[in-house]
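Survey of secondary and tertiary structure
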Amino acid sequence: MIHGFSSRLLLEAERDGELISIDEVDSGLACNCVCPACKEPLVARKGAVKAHHFAHHKTDCESAIETVLHLKAKEIISKSNTFVTPPLYFRNQGHLIFEEQSIPIDRVWLEKFEGSIKPDIIIESKGRKVFVEVVVTHGIDWTKLSRIRKMRIPTIGIDAKYLDQLAYTRSDIRGKEDFVEREIIFGHAAKYWVYNPFISRIENALGDYAELKKVEFFKYQRHEYFGSDETYTAYHNYVNDCPLNKDTWKGGKNEGKHYAKVDTCSTCDYKLRIDYKPVTGRESGREMDWPQVVHCIGHHLRDLDELMVELRDQIKNKKGKNQ
């Protein structure tokens, strides 16, 4: 049975580099334990009224329970022979590509370098590798994510904080302990895809359906700062006929028509990519990347679910022929 998740109380601590249960230590500072997150001394509170638990001797730590969960998640997965991956959606907009899938675990490595990165967990299943990152406070940084994408290795995140919140809603202690172990292996509520190379294949296939929207621009005078009479020339880059009706022209020849600023397009889930061209500013003399074309699939929103099924089947059939 797994300890440490039965409530918001800290039931496991670190001693000599390993996790140890509150049931296995002496009371008070005699437990000789430290917080797994901040490494500060802990006190074992084992009174007759409240449930036994660890507490910080001086300062509190918000990440203690999630850090214990991070360590235990690696232990749980390393001892399992199966793992359920979360559903895969296109751009988080509810367009399902794959349901959750149960994969066999043939081998597991913990904190082992793969190339230039060291994932929390590496699962090998049928000759293929999957990275698993247990996220406690901060997400995966851009450098690591960029390297994962270059390696094209599927990577799953487990949100430790959200998993702890889910466990805390359980009404009974035993149910909470069982729930966490089941959720780490078989559930997907706290799991998400950090990277899946299938998305890139879908995006490439969707390129045939993309509408190429030419980037227009208009320039205007902007004050250097509030209350100043000094101005400089600024530009708005935009595309007309935005399928999501992001903005509407209030006047001029395009009055009433829909458009979107390119800055908005850059964060839109239905932008496949933006083509840029280096140009030299007439006024500044500096070279900059100027947007030229936005590849947009927004006009195919109604057909996107059908396209997903069609493309998924095409890729699976092609994959089957190549094997």
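Up top is the structure these notes are about.
Since the model is a prediction, treat every value here as computed from it, not as a measurement.

**Observations concerning the sheet that holds strand S9 (residues 107-110)**
- Judged by pairing direction, the sheet is mixed, and its five strands sit side by side in the order S9-S10-S11-S12-S13 without closing on themselves. Since the sheet does not close on itself, it has two edges, and those belong to S9 and strand S13 (191-195), each with one partner. Strand-to-strand twist across the sheet, computed as the mean angle between neighbouring axes with direction ignored, equals 25°.
- Of the pairings in the sheet, the one linking strand S10 (residues 121-125) to strand S11 (residues 128-135) comprises five bridges and is antiparallel in character. Pairing of Ser125 across the sheet is with Arg128, part of S11.
- Running over the sheet, helix H3 (residues 160-168) touches S11 and strand S12 (155-159) and is turned about 45° from S12.

**Points about the pattern of salt bridges**
- A complete count under the given rule lists nine salt bridges for this structure.
- The shortest N-O distance in the salt bridge between Lys39 and Glu14 comes to 2.7 Å. Of this pair, Lys39 sits in the loop between strand S2 (18-21) and strand S3 (42-45) while Glu14 sits in strand S1 (residues 12-15), placing them 25 residues apart in sequence.
- Glu14 gets classed as buried once you look at its relative accessible area, which sits at 15%.
- Of the charged contacts in the structure, one is a salt bridge between Lys213 and Glu211, with a shortest N-O distance of 3.4 Å.
- The class for Lys213 is buried, based on a relative accessible area of 6%.
- The network of salt bridges with common partners includes Glu12, Lys72, Glu75 and Lys79.

**Details of the packing of aromatic side chains**
- Under the definition given, this model contains five aromatic pairs.
- Ring geometry for Tyr238 against Tyr259: centres 6.0 Å apart, planes inclined by 80°, an arrangement best described as edge-to-face. A residue pair is termed long-range when its members are at least 10 positions apart, and Tyr238 in strand S16 (residues 231-240) and Tyr259 in strand S18 (residues 258-261) qualify at 21 residues. As far as burial versus exposure is concerned, Tyr238 and Tyr259 are alike and both buried.
- Here the aromatic rings of Trp249 and Tyr259 are separated by 4.1 Å at their centres, their planes lie at 20°, and the arrangement is stacked. Of this pair, Trp249 sits in the loop between strand S17 (247-248) and S18 while Tyr259 sits in strand S18, placing them 10 residues apart in sequence. Across the pair, Tyr259 and Trp249 agree in class, each one buried.
- If you follow Lys129 out to its NZ or CZ, it ends over the ring of Trp109, 5.3 Å from the centre.

**What about the environment of Ala167?**
- Here Ala167 lies in helix H3.
- Each C-alpha atom of the pair Ala167 and Asp178 lies 9.2 Å from the other, and the pair is 11 residues apart in sequence.

**Quick look at helix H5 (residues 197-206)**
- All buried positions along H5 are accounted for by Pro197, Phe198, Ile199, Ile202 and Leu206.
- The N-cap of H5, judged by a side-chain oxygen 2.8 Å from the amide nitrogen of Phe198 a few residues on, is Asn196.

**A closer look at unusual backbone geometry**
- Of note in the backbone geometry, Asp241 takes a positive phi value of approximately 60° without being a glycine.
- Tracing the chain through its elements places Asp241 in the loop between S16 and S17.
- According to the relative accessible area criterion, Asp241 is partly exposed, its value standing at 41%.
- Positive phi outside glycine occurs at Asn245, with the angle close to 55°.
- Structurally, the position occupied by Asn245 is in the loop between S16 and S17.
- When its relative accessible area of 43% is taken as the criterion, Asn245 is described as partly exposed.

**Quick word on the nonpolar core**
- Counting residues in hydrophobic clusters, the biggest one holds 24 residues, and the most contacted among them are Ile77, Phe83, Ile123, Val132, Leu163 and Ile184.
- For this core, the secondary structure elements donating two or more residues are helix H1 (64-78), S10, S11, S12, H3 and helix H4 (173-185).
- If sequence neighbours within four positions are ignored, Leu163 has contacts with Leu69, Ile158, Phe179, Val180, Glu183, Ile184 and Ala190.
- Ranked by size, the runner-up nonpolar core spans 17 residues in total, among them Ile97, Ile199, Cys268 and Leu311.

**Examining the pairing of strand S5 (residues 82-85)**
- By the alternation rule, side chains of S5 split into Thr82 and Val84 and Phe83 and Thr85, which are all buried.
- Here S5 runs beside strand S8 (residues 101-104); their pairing, made up of four bridges, is antiparallel. From the neighbouring strand, Phe83 faces S8, where its bridge partner is Ile103.

About the cut-offs
- Residues numbered from 1 in each chain as written.
- Predicted model: local features only at pLDDT ≥ 70, side-chain atom pairs only at ≥ 80, totals over all residues.
- Heavy atoms only, no water.
- Pairing = 2+ DSSP bridges.
- Helix = DSSP H or I, 4+ residues; strand = E, 2+ residues; numbered from the N terminus.
- Axes fitted to C-alpha atoms, helices over the stretch in contact; angles between N-to-C directions.
- Contact = heavy atoms within 4.5 Å.
- Salt bridge = Lys/Arg side-chain N within 4 Å of Asp/Glu carboxyl O.
- Buried < 20%, exposed > 50% of the residue type's maximum accessible area, 1.4 Å probe, protein only.
- Phe/Tyr/Trp six-rings, centres within 6.5 Å; stacked < 30°, edge-to-face > 60°.
- Lys NZ or Arg CZ within 6 Å of the ring centre and 35° of its normal.
- Polar contact = N/O pair within 3.5 Å; in protein donor to acceptor, adjacent residues only side chain to side chain.
- Core = buried A, V, L, I, M, F, W, Y, C linked by side-chain atoms within 4.5 Å.

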